Every structure is written in C-alpha cells, then in structure tokens.
Amino acid sequence: FIINSDEIGNSNIEINGGHNTTENWVDTIEMQGFNVDVSDVINGQSDWVLNLEDSASMSTNGDAIVFDCNASGTLTNGEGAQIEFKNIDQINWL
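Residues numbered from 1 in each chain as written. Predicted model: local features only at pLDDT ≥ 70, side-chain atom pairs only at ≥ 80, totals over all residues. Heavy atoms only, no water.

## As for the overall build of the protein
A tally of regular secondary structure across the protein gives one helix and seven strands. Element order for the protein, N to C, with α for helix and β for strand: β-β-β-α-β-β-β-β. A compact globule built from 94 residues would reach a C-alpha radius of gyration of about 12 Å, and the protein, at 12 Å, matches this within 12%. By its C-alpha atoms, the protein is 35 × 25 × 25 Å across when sized along the principal axes. Here the protein, with 94 residues, has 36% of them falling under the buried criterion. Within the protein, contacts between residues separated by at least 24 positions form 59% of all contacts whose residues are at least 6 apart in sequence. A total accessible area of about 5500 Å² is found for the protein, and carbon and sulfur atoms account for 39% of it. (Helix = DSSP H or I, 4+ residues; strand = E, 2+ residues; numbered from the N terminus. Rg over C-alpha atoms; globule rule 2.2 N^0.38 Å. Buried < 20%, exposed > 50% of the residue type's maximum accessible area, 1.4 Å probe, protein only. Contact = heavy atoms within 4.5 Å. Areas by Shrake-Rupley, 256 points an atom, 1.4 Å probe, with all protein chains shown as cover.)

## Considerations on the environment of Gly 18
Along the polypeptide, Gly 18 turns up in the loop between β2 (12-16) and β3 (28-32). By relative accessible area, Gly 18 is classed as partly exposed at 22%. Between the C-alpha atoms of Gly 18 and Leu 94, which are 76 residues apart in sequence, the distance is 23 Å.

## Concerning the pairing of β3
Where strand β1 (residues 2-4) and β3 come together, three bridges link them in parallel fashion. Looking at β3, one finds that Ile 3 is bridged to Met 31. Both β3 and strand β7 (residues 82-93) contribute to a ladder of four bridges, which runs parallel. Directly across from Thr 28, in β7, lies its bridge partner Gln 90. (Pairing = 2+ DSSP bridges.)

## Quick word on unusual backbone geometry
Even without being a glycine, Asn 87 presents a positive backbone phi close to 55°. Mapping Asn 87 onto the fold places it in strand β7.

Here it is in structure tokens:
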C-alpha cells in the first residue's frame, strides 16, 4: 500500500492487509516522500503519531517499523491526515 506525501493532505485512509494464508507475504505500508526519522515516530517525537490497537511489539529496521504480528492502529499527522490500518506487518518510510 503506497501513501504519497504529495497526495495525502488531510485525508482519512483505511488499509487492511488481510489475514495471511502463507508466511511469504509481508503486508507493508510505504510512506513515500516523507522526511521522517523512524525512531522519532516510535518515540513520539515526530509530526506523525503511531497508536497501536493491539499488543503488537515493534522494532526498527533501517527506515521501517516492523511489527512482530499483524498490527492494527492509526498513523496521524499534525495536518489532520489519518491512516487507519489493520493486519499490517511493517511501515516503510521512503
């Protein structure tokens, strides 16, 4: 799922990665064109705020937030854009 910085504005977007039937699929949100430090998002020091609805734990891998299981939650920015996601394995900031 690709989210482009030029197109998001103050949109509300819903993404559902679905339930995996095989371990070969990685449900990914690609945040393209955003100048964001992934560790700042996790530590609450970014314009983007990440809230998880479940008990998924997360780690970073380069420019990615990787969840230990299918995660659900929201990403919200200071301009009012909100991305509601379900069943996502990772979020990449490109």
